[in-house]
Amino acid sequence: MNASGPTPPAKDKTAFILANTALIAPPHVPEIRLRLADEAHDLWHRTEEELEAIGLPPPFWAFAWAGGQGLARHVLDNPATVRGRTVLDFATGSGLVAIAAAKVGAAQVTAADIDPFSAAAVALNAAGNGVSVTFDGGDLIGTDDGWEVVLAGDVFYDRDFASRLVPWFSALAGRGATILIGDPGRSYLPRDRLTEYAVYQVPVTRALEDAEVKRTTVWRFG
C-alpha cells in the first residue's frame, strides 16, 4: 500500500498510476521523466496473480525496459530519424519512445498499446514532458495508417507475437516505412531481417532482467 493512503481501485487508472509510481528519469534517457514503479511502491512487489485479482494487467507501462531505453536514446541522439515525419511507437507502454520522438520534432506521433492503463500512463507522461502524443488502443498489427517511421522496443519476447509482427513489419518496410527495433536479446528476434544501427549498454533493474546492464541493440527491419 502506498504511504499516502489506500491504493485507488485499478478502474480509476490515472489515480492508480499516480498512487503506485514515482516520477523517475530512466538512467539511459535522463532527459525524460516518467511515472514508473519503484521499490517504495506496492506495485513493484505484487505478483501477476495479485495484479489480476485487482483487475490490473501486467503493468509493462510501469517500467522503462531496456529495448525502449536504447531506442529512445537512439532517437534523441539522431533526431533526423523522425524529425518532420509521422511516427508510430508500437507497444508503447509508458510512452518513453513516443515522447523521445515528439521531443526531437516528429511531425505527428501515435503511441499504440492494447493495455488501457498504458493510455493513462502515456497521457500523464507526455504532459509531464511537455509534448503532444496521440494514443491508439487498438490492435494495429496488420494495419497501415501511412506511418513514415515505426518504432518498437522490446517486442520480440513471445513466439506467437513475433510471428504476427514479422509479416506486418515486412509489409510496412516494403512500401517504404523505416522500422526501428530496440532489443536487448529477446528470444524471438528475427535477426535475418535486421541491420544493426547502434549498440547501447543500458542500466536496468535486476528485479526485471537477469543483469544490471543489458546490451541493447537498435536494429532496422527490412
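Structural notes, computed from the coordinates. (Residues numbered from 1 in each chain as written. Predicted model: local features only at pLDDT ≥ 70, side-chain atom pairs only at ≥ 80, totals over all residues. Heavy atoms only, no water.)

1. Re the overall build of the protein chain
So, point 1. When you go through the protein chain residue by residue, the secondary structure sums to six helices and nine strands.
So, point 2. For the protein chain, with 222 residues in total, the buried portion stands at 52%.
So, point 3. Here the analysis covers contacts within the protein chain between residues at least 6 apart in sequence; of these, 64% occur between residues at least 24 apart.
So, point 4. Surface accessibility of the protein chain: about 9700 Å² in total, with carbon and sulfur atoms responsible for 51%. (Helix = DSSP H or I, 4+ residues; strand = E, 2+ residues; numbered from the N terminus. Buried < 20%, exposed > 50% of the residue type's maximum accessible area, 1.4 Å probe, protein only. Contact = heavy atoms within 4.5 Å. Areas by Shrake-Rupley, 256 points an atom, 1.4 Å probe, with all protein chains shown as cover.)

2. Examining the sheet that holds strand S6 (residues 149–153)
So, point 1. Ordered in space as S5-S4-S3-S6-S7-S9-S8, the seven strands form an open sheet in which the pairing is mixed. Of all the strands in the sheet, just strand S5 (134–136) and strand S8 (194–203) have a single pairing partner and so form its edges. Across the sheet, the mean angle from the axis of one strand to that of its neighbour is 20°, orientation sign disregarded.
So, point 2. On top of the sheet, helix H4 (residues 96–103) reaches strand S3 (86–90), strand S4 (108–112) and S6; it is set at about 180° to S4, its chief contact. (Pairing = 2+ DSSP bridges. Axes fitted to C-alpha atoms, helices over the stretch in contact; angles between N-to-C directions.)

3. A short note on the packing of helix H3 (residues 66–77) against H4
For any two helices packed against each other, the geometry comes down to the angle between their axes and how far apart the axes lie.
So, point 1. Here H3 crosses H4 at 5°, and the two axes come no closer than 9 Å. As the angle between them shows, H3 and H4 are arranged roughly parallel. Only Leu-96, Val-97, Ala-100, Ala-101 and Lys-103 of H4 make contact with H3, whose side of the interface consists of Gly-68, Gln-69, Leu-71, Ala-72, Val-75 and Leu-76. (Parallel < 35°, antiparallel > 145°, perpendicular 65-115°, else oblique.)

4. Overview of unusual backbone geometry
So, point 1. Positive phi, normally seen in glycine, also occurs at Ala-91, with a value near 55°.
So, point 2. Tracing the backbone through its elements, the reader meets Ala-91 in the loop between S3 and H4.
So, point 3. Of note in this structure, Asp-154 is not a glycine but carries a positive phi near 60°.
So, point 4. Here Asp-154 shows up in the loop between S6 and helix H6 (159–174).

5. Some remarks on the side chain of Thr-217
So, point 1. Within the secondary structure, Thr-217 sits in strand S9 (residues 213–221).
So, point 2. Looking at Thr-217, the relative accessible area reads 4%, which means it is buried.
So, point 3. If we ignore the near neighbours within four places in the chain, the residues touching Thr-217 are Ile-181, Gly-182, Asp-183, Glu-196, Ala-198 and Val-199.

6. Details of the nonpolar core
So, point 1. Counting residues in each nonpolar core, the largest one holds 35 residues, and the members touching the most others are Ile-32, Val-82, Val-87, Ala-101, Val-109, Val-133 and Leu-151.
So, point 2. Every element with two or more residues in this core is listed here: strand S2 (34–36), H3, H4, S4, helix H5 (116–128), S6 and S8.
So, point 3. Per-element accounting of this core gives the leading share, seven residues, to H4.
So, point 4. Discounting residues that sit within four places of it in the chain, Ile-32 has contacts with Ile-24, Ala-25, Pro-26, Leu-76, Leu-96, Ile-99, Ala-100, Lys-103 and Asn-129.
So, point 5. Within the second largest apolar cluster, 23 residues are counted, among which are Trp-147, Leu-165, Leu-172 and Trp-219. (Core = buried A, V, L, I, M, F, W, Y, C linked by side-chain atoms within 4.5 Å.)

7. Looking at the side chain of Thr-178
So, point 1. With respect to the helices and strands, Thr-178 occurs in strand S7 (residues 178–183).
So, point 2. Classification of Thr-178 as buried rests on a relative accessible area of 9%.
So, point 3. Within the structure, the side chain of Thr-178 is placed 3.5 Å from the side chain of Arg-85, a separation counted as a polar contact.
So, point 4. Setting aside its immediate chain neighbours within four residues, Thr-178 contacts Arg-85, Glu-148, Val-149, Val-150 and Arg-220. (Polar contact = N/O pair within 3.5 Å; in protein donor to acceptor, adjacent residues only side chain to side chain.)

8. Observations concerning the pairing of S6
So, point 1. When you tally the buried positions in S6, you get five out of five residues, the bulk of the element.
So, point 2. Going residue by residue along S6, you find Val-149, Leu-151 and Gly-153 tucked away on one face and Val-150 and Ala-152 tucked away on the opposite face as well.
So, point 3. As defined by bridge partners, S3 adjoins S6 across four bridges and the pair is classed as parallel. Directly across from Asp-89, in S6, lies its bridge partner Leu-151.
So, point 4. Relative to S7, S6 runs parallel, the two being bridged by five bridges. Each residue of the ladder has a partner; that of Leu-151, found in S7, is Leu-180.
So, point 5. Crossover connection from S6 via H6 to parallel S7: handedness right-handed. (Right-handed = clockwise from strand over helix to strand, strands pointing away.)

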